[in-house]
Amino acid sequence: MEKTNQNQMGTKPIASLIFTMGCPPIVSMFVQSMYNIVDSIFVAKLGENALTAVSLAAPIQYILLAVSVGVGVGINSYISRNLGADNIDEANNTVTHSMILALSHSVLFIILGLLFIKPFFRIYANNDAIFSDGCSYTYIVVLLSFSLFFQLTFEKVFQATGKMLLPTISQIIGAILNIILDPIFIFGWFGMPKLGVTGAAIATVIGQIVSFLILLIFLIRNDSVLKIDLKLFKFDWNIIKQIYAVGIPSALMISISSILTIALNSVLVKFSNTAVSIYGIYYRLQTFITMPVNGLVQGIRPIIGFNYGAKDRGRIIETLKISLIVSVVLMLIGLLLFMFIPRQLLSMFSASENMMSLGVVTLRIMSLGFLFSAISFIISAMYESIGKGTYSLAISLVRQCIIIIPVSMFFYKAIGLTGIWITFPVSEIAAALVCLWMFIRTCKNDEVFIKNND
């Protein structure tokens, strides 16, 4: 990282720094969530079975994303803290280690995919069309997952140095390419064969590969302190441990939503394929709302990590205050959309009348927890930034596992499908309370947060 970037992290006014660091990833995540929705909109035109197949495949896709983002967060956190402490060599060596991890994880998931994709769909797919489409889509996404792992690794490296614009541009290019290629491959436009659900997977992977190549080219040509330098590389288990100390809890935290989806789908599929599709639609729409908040989180992580390394409590607290306000505003917009125009949102997915009647209630109930989730997002980001990933994991467990799974099973038996949806806002409220309790304890016990606390 150039010296000017280091000075900005430690000296630039927080509000403008958050704007500079946060806006590019907010736009990037917004665009990314758009092409996830567009994928589903195009697939829905193939019929409800096709939409159900992609909905069943989503948890596997999100587990890939969870591991790649989670480890990326660990990379980002460790680089940022070392830059804040002026340990440039350690930060630089972390870049090469991150490439080794990206390659290792992609190979691991190829092996797991070959072993478990078909058995997974045999459990949940209740007809041959869903099974075939689901397997085809998932095989492509998993076997070519190297593009996702390297794309997000390089993205987090650039973000750790305060360079937010380049990762944003690369993601936007990949997302736009995906949106353009979707109908071409799915419906067989311009002389291409009609590939259906398989075409959606191919378009997604091509977009990821292009994004990855853009970042790789710029990282090789990068003239700042951080760069790929194999001549100076020295393998260090401590760097791996430091990355995983934040990365594993973060990956688990993100993948919990996939585990939750798998658990709920096992119940919903017994109710109807429509219920599975509705939950899949909600998941994508909810991602559309939370992705900009995740973009904000990407912007504040290096700010908090740098200033934690520099032991500047005041700038950390100010970052938290401003980012929490922005997060609440973004989630409020989502709440209003889900409450007042749920039919219009569902109509984008060619919803039948049965799907529409069930879906309107679903969106309104589940959105009640949006404002409380803003607290969880920001506090979790803080703990990831300061190297306390297990704290973030604990918050996520409360949000998406400890309460939702057992309570939803009870409510489902008592009042039916609506009972499952009710548990989502309940869990968000509980997680927000846990966040506040943990943050108060941190302010009392962590020496950086105590410092200068007059």
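Residues numbered from 1 in each chain as written. Predicted model: local features only at pLDDT ≥ 70, side-chain atom pairs only at ≥ 80, totals over all residues. Heavy atoms only, no water.

Notes on the overall build of the chain
Okay, step 1: A count of helices and strands for the chain gives 18 helices and zero strands.
Okay, step 2: Dimensions along the principal axes, computed over C-alpha positions, put the chain at roughly 60 × 50 × 35 Å.
Okay, step 3: Considering the chain as a whole, with its 454 residues, one finds that 58% of them fall into the buried category.
Okay, step 4: Sequence-distant contacts in the chain: of pairs separated by 6 or more residues, those separated by 24 or more amount to 82%.
Okay, step 5: When the accessible surface of the chain is split by element, carbon and sulfur atoms take 69% of a total near 17800 Å².
Okay, step 6: Computed over 29 positive and 21 negative side-chain charges, the inter-centroid distance for the chain is 4 Å. (Helix = DSSP H or I, 4+ residues; strand = E, 2+ residues; numbered from the N terminus. Buried < 20%, exposed > 50% of the residue type's maximum accessible area, 1.4 Å probe, protein only. Contact = heavy atoms within 4.5 Å. Areas by Shrake-Rupley, 256 points an atom, 1.4 Å probe, with all protein chains shown as cover. Lys, Arg positive; Asp, Glu negative; His and termini not counted. Charge placed at Lys NZ, Arg CZ, Asp CG, Glu CD.)

Looking at unusual backbone geometry
Okay, step 1: Positive phi, close to 55°, is recorded for phenylalanine 190, a residue that is not glycine.
Okay, step 2: Structurally, the position occupied by phenylalanine 190 is in the loop between α7 (165-187) and α8 (197-220).
Okay, step 3: Notably, lysine 311 is not glycine yet its phi reads approximately 60°, a positive angle.
Okay, step 4: Of note, lysine 311 is situated in the loop between α10 (273-309) and α11 (313-340).
Okay, step 5: The partly exposed category is assigned to lysine 311, whose relative accessible area is 40%.

A short note on the pattern of salt bridges
Okay, step 1: Within the structure shown, the criterion is met by four salt bridges.
Okay, step 2: Close ionic contact of lysine 156 with glutamate 155 constitutes a salt bridge, the shortest N to O distance being 3.5 Å. When sorted by exposure, lysine 156 lands in the same class as glutamate 155, which is buried.
Okay, step 3: The salt bridge partner of arginine 399 is glutamate 428, with a shortest N-O separation of 2.8 Å. Here arginine 399 is found in helix α15 (residues 389-402), whereas its partner glutamate 428 is found in helix α17 (residues 417-445), with 29 residues between them in sequence.
Okay, step 4: Classification of arginine 399 by relative accessible area gives buried; the value is 10%.
Okay, step 5: Residue classification places glutamate 428 among the buried residues on the basis of a relative accessible area of 12%. (Salt bridge = Lys/Arg side-chain N within 4 Å of Asp/Glu carboxyl O.)

Comments concerning the packing of helix α4 (residues 88-124) against helix α6 (residues 146-160)
Okay, step 1: Closest axis-to-axis distance for the α4/α6 pair is 9 Å, and the angle between their directions is 160°. The angle between the axes of α4 and α6 places the two elements in the roughly antiparallel class. The two elements α4 and α6 meet at a crossing, and its hand is right-handed. Contacts between α4 and α6 involve Val95, Ser98, Met99, Ala102, Leu103, His105, Ser106 and Phe109 from the first element and Phe146, Phe149, Phe150, Thr153, Phe154 and Val157 from the second.
Okay, step 2: Residue classes in the contact of α4 with α6 are distributed as 10 nonpolar, four polar and no charged. (Axes fitted to C-alpha atoms, helices over the stretch in contact; angles between N-to-C directions. Parallel < 35°, antiparallel > 145°, perpendicular 65-115°, else oblique. Left-handed = near helix turned anticlockwise from the far one by under 90°. Nonpolar A, V, L, I, M, F, W, Y, C, P; charged D, E, K, R; others polar.)

Thoughts on empty space enclosed by the protein
Summary: where empty space remains is shown by rolling a probe the size of a single water molecule over the atoms.
Okay, step 1: Taken as a whole, this structure holds three cavities of 30 Å³ or more when the rule is applied.
Okay, step 2: Of all the elements in the fold, those that place two or more residues in the lining of the second largest cavity are α3 (48-84), α9 (237-271) and α10.
Okay, step 3: When its residues are assigned to classes, the lining of the second largest cavity shows five nonpolar, four polar and one charged. (1 Å grid on protein atoms, 1.4 Å probe; cavity = no way out; pocket = protein on both sides within 12 Å on 5 of 7 lines; lining within 4 Å. Points joined across faces, edges and corners; volume = space filled by probe spheres on them.)

What about the side chain of asparagine 93?
Okay, step 1: Its location among the elements puts asparagine 93 in helix α4.
Okay, step 2: Overall, asparagine 93 belongs to the buried group, its relative accessible area being 14%.
Okay, step 3: The contacts of asparagine 93, once residues within four sequence positions are left out, are Phe233, Lys234 and Ile239.

Looking at helix α16 (residues 404-415)
Okay, step 1: Given a rise of 1.5 Å per residue, 12 residues ought to cover 16 Å, and the 15 Å separating the end C-alpha atoms of α16 matches this to within 8%.
Okay, step 2: Following α16 by one or two positions, glycine 416 adopts a phi angle in the positive range, close to 85°. (Expected span 1.5 Å × (residues − 1).)

As for a nonpolar patch on the surface
Okay, step 1: Residues Leu324, Val328, Leu332, Leu336, Phe340, Ile341, Leu371, Phe372, Ile429, Leu433 and Leu436 make up a contiguous nonpolar surface patch of roughly 900 Å² in combined accessible area.
Okay, step 2: Put simply, the parts of the chain that give the nonpolar patch at least two residues each are α11, α14 (370-385) and α17.
Okay, step 3: With five residues, the top contributor of residues to the nonpolar patch is α11.
Okay, step 4: Positionally, leucine 371 belongs in helix α14.
Okay, step 5: Residue leucine 371 is classed as partly exposed on the basis of its relative accessible area, which comes to 31%. (Patch = residues over 30% accessible without salt bridge, like charges linked within 9 Å, V, L, I, M, F, W, Y side chains within 5 Å.)

Description of the side chain of serine 376
Okay, step 1: Within the secondary structure, serine 376 sits in helix α14.
Okay, step 2: Leave out the neighbours within four places in its chain, and serine 376 touches Ile395, Arg399, Ala431, Ala432 and Cys435.

A look at the environment of leucine 144
Okay, step 1: Looking at the element boundaries, leucine 144 is found in the loop between α5 (128-143) and α6.
Okay, step 2: Separated by 58 residues in sequence, leucine 144 and aspartate 86 have C-alpha atoms that sit 37 Å apart.

Some words on the packing of α10 against helix α13 (residues 353-366)
Helix packing for two helices is described by the angle between their axes and how far apart those axes are.
Okay, step 1: As a packed pair, α10 and α13 sit with axes 10 Å apart at the nearest point and diverge in direction by 45°. Taken together, the axis directions place α10 and α13 in an arrangement best described as oblique. In terms of crossing hand, the pair formed by α10 and α13 is right-handed. Only Asn354, Met355, Leu358, Gly359, Thr362, Leu363 and Met366 of α13 make contact with α10, whose side of the interface consists of Thr274, Ser277, Ile278, Tyr279, Ile281, Tyr282 and Leu285.
Okay, step 2: Broken down by class, the residue content of the contact of α10 with α13 amounts to nine nonpolar, five polar and no charged.

Details of the packing of aromatic side chains
Okay, step 1: A full pass over the atoms with the stated rule returns 18 aromatic pairs.
Okay, step 2: Between tyrosine 282 and phenylalanine 338, the aromatic rings sit 6.2 Å apart at their centres with planes inclined by 80°, giving edge-to-face as the arrangement. Residue tyrosine 282 is found in helix α10, and its partner phenylalanine 338 is found in helix α11; the two are separated by 56 residues along the sequence. Residues tyrosine 282 and phenylalanine 338 agree in their burial class; the two are buried.
Okay, step 3: Relative to phenylalanine 411, the ring of phenylalanine 410 has its centre 5.8 Å away and its plane inclined at 45°; by these criteria the two rings are tilted.
Okay, step 4: Overall, the relative accessible area of 57% leaves phenylalanine 410 in the exposed class.
Okay, step 5: Between the NZ or CZ atom of arginine 399 and the centre of the ring of phenylalanine 377, over which it lies, the distance is 5.1 Å. (Phe/Tyr/Trp six-rings, centres within 6.5 Å; stacked < 30°, edge-to-face > 60°. Lys NZ or Arg CZ within 6 Å of the ring centre and 35° of its normal.)

So far we have only geometry, and geometry alone does not tell us how the molecule works.
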